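Residues per chain, in single letters:
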Amino acid sequence: MKCPFCRGTSSRVLDSRTADEGAAIRRRRYCPECDRRFTTTETAVLNVVKRSGAHEPFSRAKVVSGVRKACQGRPVTEDDLALLAQRVEDALRATGAAEIPAGEVGLAILGPLRDLDEVAYLRFASVYRNFESLTDFEAEITALRADHIGEAQPLESPSPGSLVIEDPARDDPGVTECSQPELTSSST
Ligand SMILES: [Zn+2]
């Protein structure tokens, strides 16, 4: 285990104890090369069970690649995607299950993706939930609009010099893109 301070490889374990109600083990380590201490966490591998019955370790990279397609052309950065994958993993680990059906991974993606970008969310949800008609989109958009009511957010992106409404209840203003879902309706 490399020391996070000096990258030295001769750290020693001082102490091990269970954490998160037995779901993890924390080890206190000492690095004799720089004389500093750090903590590592050991958790069980989280397995995803695919429809075929095959098992594979949960992969944040796979979450990112799955969501990236839905985010094409959207104001979503690689950092946003990495954070989303982290949130998904945290949510899945919080269930305490060692094996997660692949479908539940998709379900766990929906919430964080909706917070990140609503257009990307609609794209992802339309595939994941097998939207079959415009009615499915309408229902989803109605649900999104209902959530906007009472949020006191401007409906259009603020232009330079315009009043920016600050919501003190929000920890990270500016992270949530305030975009209305855009659907291209085919004209008949
Ligand atoms: Zn060190």
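Above this text sits the structure in question.
Sequence order sets the numbering: in each chain, residues are counted from 1 along the sequence as written. For this predicted model, a pLDDT threshold of at least 70 governs which residues receive local features, and a threshold of 80 or more governs which side-chain atom pairs are given and counted, while totals over whole chains, interfaces and linings are taken from all residues. Here the side-chain values reflect all heavy atoms present in the structure, with hydrogen atoms and water set aside.

**Student:** Please clarify how the sheet that holds strand β1 (residues 12–19) should be interpreted in this entry.
**Tutor:** Note on sheets: strands pair through backbone hydrogen bonds, and any given pair is parallel or antiparallel. Note on pairing: two strands pair once DSSP finds at least 2 bridges between them. Strands are runs of DSSP state E lasting at least two residues, helices are runs of H or I lasting at least four, and both sets are numbered from the N terminus onward. Reading across from one edge, β1-β2-β3 is the order of the 3 strands in this open sheet, with antiparallel pairing throughout. Only two strands of the sheet have a single partner each, and these edge strands are β1 and β3 (36–43). Across the sheet, the axes of successive neighbouring strands diverge by a mean angle of 20°, strand direction being ignored. Here 8 bridges tie strand β2 (residues 24–31) to β3, and the two strands are oriented antiparallel to one another. When the sheet's bridge partners are listed, A24 is paired in β3 with T43. Each axis is a line fitted through C-alpha atoms, and for a helix only the stretch in contact is used; angles between axes span 0 to 180 degrees, taken between their N-to-C directions.

**Student:** Before we go on, may I ask you to explain the pattern of salt bridges in this structure?
**Tutor:** Close approach of charged atoms allows side chains with opposite charge to pair. A pairing counts as a salt bridge when a side-chain nitrogen of Lys or Arg comes within 4 Å of a carboxyl oxygen of Asp or Glu. According to the stated counting rule, one finds 11 salt bridges in the structure shown. Salt-bridge contacts for D115 lead to R87; the nearest nitrogen and oxygen are separated by 3.2 Å. On the criterion of sequence distance, the pair formed by D115 in helix α3 (residues 102–116) and R87 in helix α2 (residues 78–94) is long-range, its members being 28 residues apart. Exposure classes here rest on a 1.4 Å probe applied to the protein chains alone. A residue is buried below 20% of its type maximum, exposed above 50%, and partly exposed in between. Taking the relative accessible area as the measure of exposure, D115 reaches 41% and is therefore partly exposed.

**Student:** How should I be thinking about the side chain of S126 in this particular structure?
**Tutor:** The topology assignment puts S126 in helix α4 (residues 118–128). Contacts were defined at the residue level, with two residues in contact if any of their heavy atoms lie within 4.5 Å. Discounting chain neighbours no more than four positions away, the residues touching S126 are F131 and F137.

**Student:** How do you make sense of the sheet that holds strand β6 (residues 99–101) when you look at a structure like this?
**Tutor:** The strand order β5-β4-β6 describes an open sheet built from 3 strands, whose pairing is mixed. Pairing within the sheet leaves two strands with one partner each, and these edge strands are β5 (55–57) and β6. Recorded for the sheet is a direction-independent mean angle of 35° between the axes of neighbouring strands. With 3 bridges joining them, strand β4 (residues 47–49) and β5 adopt antiparallel strand pairing. The partner of V48 across the bridge, within β5, is E56.

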